[in-house]
Amino acid sequence: MEKNNTTKVITGECRMSYEHVWEPVSIDGNSPKKYSACILIRKDDTATLKKIKLAQEAAVQDGIKSKWRGKKPANLKLPLRDGDTERPEDEAFAGCYFLNANANRAPGIVDLARNPILDREEVYSGCYCRFSINLYPFSASGNNGVAVGLNNVQKVRDGERLAGGSRAEDDFNDGYAGDSDLDDIL
């Protein structure tokens with residue numbers, strides 16, 4: 001029988017931004033490379049937000065016991081942030097809360113049928129996914145808070161790419177029948 005993990009959350013449909021689920025990156029060039037994703041949660045997704053807030057509180061309680069010497073620190077950093085106030089210039093964050101999740105190991109990435117996705121073009125900044133995350137307390141270099149671990153990703157549907165760019169299949173889907181000189185070459 002599996003123990004009930006109060007800090008683990010399976011989200012509803014969320015949008016992925018700043019996707020680094022295929023290759024780890026160092027955010028500042030000095031820190032260790034990690035897999036990561038910024039998870040955008042619509043403000044009207046009350047079910048997911050409730051689960052995250054409960055897991056966040058469970059992580060705080062765990063931190064009081066394990067990291068912060070029996071007391072909740074005054075300047076505790078919490079992962080759930082308001083996109084309307086912290087990123088007002090970015091329309092992708094409008095009407096959303098967001099959190100950043102990361103991991104030392106590559107997350108599992110699956111489709112709706114839970115089959116592994118191997119094509120890196122299928123999962124990108126802007127697509128909609130469900131996420132398996134774990135919230136946990138930290139205390140490092142005088143900073144205390146709750147961080148988010150990225151476990152796994154399930155792609156739900158496509159969305160407009162946030163990183164710019166486009167797919168070759170979309171760029172060349174204009175019905176061009178060809179040029180007779182080009183047809184001779186091919």
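A brief structural summary. (Residues numbered from 1 in each chain as written. Predicted model: local features only at pLDDT ≥ 70, side-chain atom pairs only at ≥ 80, totals over all residues. Heavy atoms only, no water.)

Examining the nonpolar core
The criterion, for reference: Here, nonpolar core refers to any group of buried Ala, Val, Leu, Ile, Met, Phe, Trp, Tyr and Cys residues whose side-chain atoms link them within 4.5 Å. A simple rule labels every residue: compare its accessible area, found with a 1.4 Å probe on the protein chains alone, to the largest value its type can have, and call it buried under 20%, exposed over 50%, or partly exposed in between. For the purposes of this entry, the term helix denotes a DSSP run of H or I that reaches at least four residues, the term strand denotes a run of E that reaches at least two, and both are numbered from the N terminus. Every residue pair with non-hydrogen atoms within 4.5 Å of one another is taken to be in contact.
In this structure, Met16, Val21, Phe131, Ile133, Leu135 and Leu150 are the most contacted members of the largest nonpolar core, which totals 33 residues. Going through the elements one at a time, β2 (14-25), β3 (34-42), α1 (46-66), β5 (96-103), β7 (128-140) and β8 (143-157) are the ones with two or more residues in this core. If one sorts the elements of this core by residue count, α1 sits on top with 6 residues. In contact with Ile133, not counting residues within four places along its chain, are Thr7, Lys8, Val9, Thr11, Ile39, Leu99, Ala101, Val148, Gly149, Leu150 and Asn151. The next biggest cluster of nonpolar side chains, apart from the first, holds 6 residues, and it includes Leu40, Ala92, Phe93 and Phe98.

Quick word on the side chain of Thr7
Put simply, the rule reads: In the analysis that follows, any N or O atom pair within 3.5 Å is treated as a polar contact, provided that within protein one partner can donate a hydrogen and the other can accept it, and provided that, for residues neighboring in sequence, both atoms belong to side chains.
Relative to the helices and strands, Thr7 is located in the segment before β1 (8-10). Side-chain polar atoms of Thr7 contact the side chain of Asn5, separated by 2.8 Å. There is a polar contact of 3.0 Å between the side chain of Thr7 and the side chain of Asn134. Ignoring anything within four residues of it in the chain, the contact list for Thr7 reads Ala55, Ala58, Ala59, Ile133, Asn134 and Leu135.

As for unusual backbone geometry
Both trends apply: most residues other than glycine have a negative phi, and most peptide bonds are in trans. The phi dihedral of Tyr18 is positive, around 45 degrees, even though this residue is not glycine. For Tyr18, the location among the structural elements is in strand β2. Of note in this structure, Ser141 is not a glycine but carries a positive phi near 50 degrees. One can find Ser141 in the loop between β7 and β8.

A short note on the pattern of salt bridges
Our working rule: One speaks of a salt bridge when a side-chain nitrogen belonging to Lys or Arg is within 4 Å of a carboxyl oxygen belonging to Asp or Glu.
Within this structure, the stated rule accounts for 9 salt bridges. Across the pair Asp44 and Arg42 runs a salt bridge whose closest N-O atoms are separated by 3.0 Å. Residue classification places Asp44 among the exposed residues on the basis of a relative accessible area of 58%. With a closest N to O distance of 3.5 Å, Glu121 and Arg161 form a salt bridge. With a gap of 40 residues between them, Glu121 in the loop between β6 (108-110) and β7 and Arg161 in the loop between β8 and α3 (168-171) connect regions that are remote in the sequence. Linked by salt bridges that have partners in common, Lys43, Asp82 and Asp84 make up one network.

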